[in-house]
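Listed below, chain by chain, are the residues.
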Amino acid sequence: MLRVSGLHVRYGPIAAVKGVDLEVRRGELVALLGANGAGKSTTLLAIAGALAGRQGRVELDGEAIHGLTPERIVRRGIAMVPETRDVFADLTVLENLRLGGFVHRRTPGAFEEELERQMDLFPILRERAHQAAGTLSGGEQQQLVIARALMSRPKLLLLDEPSLGLAPLIVEHIFALIGRLRESGLTILLVEQNAAQALARADRAYVMALGTIAAAGPAAEIAANTDLEAIYFGGKARGARA
Ligand SMILES: Nc1ncnc2c1ncn2[C@@H]1O[C@H](COP(=O)(O)OP(=O)(O)OP(=O)(O)O)[C@@H](O)[C@H]1O
Ligand SMILES: [Mg+2]
C-alpha cells in the first residue's frame, strides 16, 4: 500500500533522514522504532507531505504522492497523528472532529456518519462533545487527535508515539484501541518508544538509527534477534536483516 524509497530529509544543515526505504502492506500494523532523534517523526511527516527539504519517492497504491500538499495526501487516504498531539484548545471536541472531517464537505451525510463511528469508538468524546478540547486530560486529548485523524476515513494511519507521557492504564487503552483499528482492516504505521508493546502487536518492524534503517523484519524476529537496547542508546543492530 505504501512504498517509501530513497527518502532523505534535511533541516537546513542537519541531515535527519538519510536514505530510508520502507513499505507497509494492506492491513498490516508496522512498527517504526528507534532512539530519540533517529528520524522517526521526520519520516512520518515526510510521508504526510509536511516537510519541504525532502527527496525520494513515496507511493500509495502504486501512485506517486510525494510532492502533493498535505491536504491532497489526506484526500488520497493517509491521515497522521503527530507526536505533538495538538488539539485546537479553544474549540470544542465536536469542532475539532469537524476539522478532521473536512474531506466530507461535499458529501451529504458523510460527516455525520463518520462522527457517529468515532463517537462509538471513543465514548468519552461523545460525553465531552461540547467541552473545549484544551480542558480534556492528556489521555482524552490523545483519543481526540486519533479520532480527528480517523474522521477523514483513511486507509493508512500514521501514528507518532500515541502512548507518550500517558499513565499505564491509558497506555493499555490506547494499545487496545490500535488493536481494534487494525482488526477493523485499517493499515497502520506506528512509531513507538514503547518497543515491547509495539512489537507484541505489530506484524513487522523497522528500527531506525541515525537517520537510516538499522534493522527490519517480522516483529517477532526483531523482538528476538535485535539488540533494541543498543539501538536505543545509539548502537548498531545485532543479527537482524537490514
Ligand atoms: N524542525 C527541525 N529543525 C531542525 N532539526 C530538526 C527538526 N526536527 C527534527 N530535527 C532533528 O532531526 C533529527 C530527527 O528528529 P526526529 O524528530 O525525526 O526524531 P525521532 O526519531 O522522532 O525522535 P523522538 O523519539 O525524540 O521523537 C534530530 O536530530 C532532530 O534534532
Ligand atoms: Mg519523534
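Before reading further, recall that the structure is shown in the block above.
So, here is what we can say about the structure in this document. Predicted model only: the values in this text are computed from it and were never measured.

### Some thoughts on the coordination of the magnesium ion (ligand 2)
Six octahedral donors around a metal ideally subtend angles of 90 or 180 degrees, whereas four tetrahedral donors ideally subtend 109.5 degrees. For the magnesium ion (ligand 2), the full set of protein donor atoms is S41 (OG), E83 (OE) and E83 (OE), and the range of their distances to it is 1.9 to 2.8 Å. Residue S41 is located in helix α1 (residues 40-47), and its partner E83 is located in the loop between β6 (78-81) and α3 (93-100); the two are separated by 42 residues in the primary sequence. Take S41: its relative accessible area is 17%, and that puts it in the buried class. With relative accessibility at 33%, the residue E83 sits in the partly exposed group.

### Let's talk about the environment of V145
When you line up the elements, V145 lands in helix α6 (residues 138-150). The buried category is assigned to V145, whose relative accessible area is 3%. For V145 and L97, which are 48 residues apart along the polypeptide, the C-alpha to C-alpha distance reads 8.4 Å. Every residue in contact with V145, bar those within four places of it in the chain, is listed here: V81, R85, D86 and V87.

### A short note on the pattern of salt bridges
One pass over the structure, following the stated rule, counts 17 salt bridges. A salt bridge links R117 to E114; the nearest nitrogen and oxygen atoms lie 3.2 Å apart. Of this pair, R117 and E114 both sit in helix α4 (residues 110-121), separated by three residues, roughly a single helical turn. Judged by relative accessible area, E114 falls into the buried class, the value being 2%. Its salt-bridge partner being D203, residue R182 comes within 2.6 Å of it at the nearest N-O pair. Here R182, found in helix α7 (residues 168-183), pairs with D203, found in the loop between α8 (195-201) and β9 (204-209); they are 21 residues apart in sequence, far enough to count as distant. According to the relative accessible area criterion, R182 is partly exposed, its value standing at 24%. The network of salt bridges with common partners includes R3, E23, R25, E28 and R204.

### Notes on α4
The periodicity of an α-helix, 3.6 residues per turn, causes residues three or four positions apart to be oriented the same way. With twelve residues, α4 extends 17 Å between its outermost C-alpha atoms, agreeing within 8% with the 16 Å of an ideal straight helix rising 1.5 Å per residue. Looking at α4, one finds that the buried residues are A110, F111, E114, L115, Q118 and M119. Seen end-on, α4 carries its buried residues on one side only, within an arc spanning 160°. Contacts from the buried residues of α4 go to α3, α5 (123-127) and α6.

Each value, and the rule that gives it
Residues numbered from 1 in each chain as written. Chains lettered and ligands numbered in written order. Predicted model: local features only at pLDDT ≥ 70, side-chain atom pairs only at ≥ 80, totals over all residues. Heavy atoms only, no water. Donors = N, O, S within 2.8 Å, 3.2 Å for Na, K, Ca; no water. Helix = DSSP H or I, 4+ residues; strand = E, 2+ residues; numbered from the N terminus. Buried < 20%, exposed > 50% of the residue type's maximum accessible area, 1.4 Å probe, protein only. Contact = heavy atoms within 4.5 Å. Salt bridge = Lys/Arg side-chain N within 4 Å of Asp/Glu carboxyl O. Expected span 1.5 Å × (residues − 1). Arc of directions from axis to C-beta.

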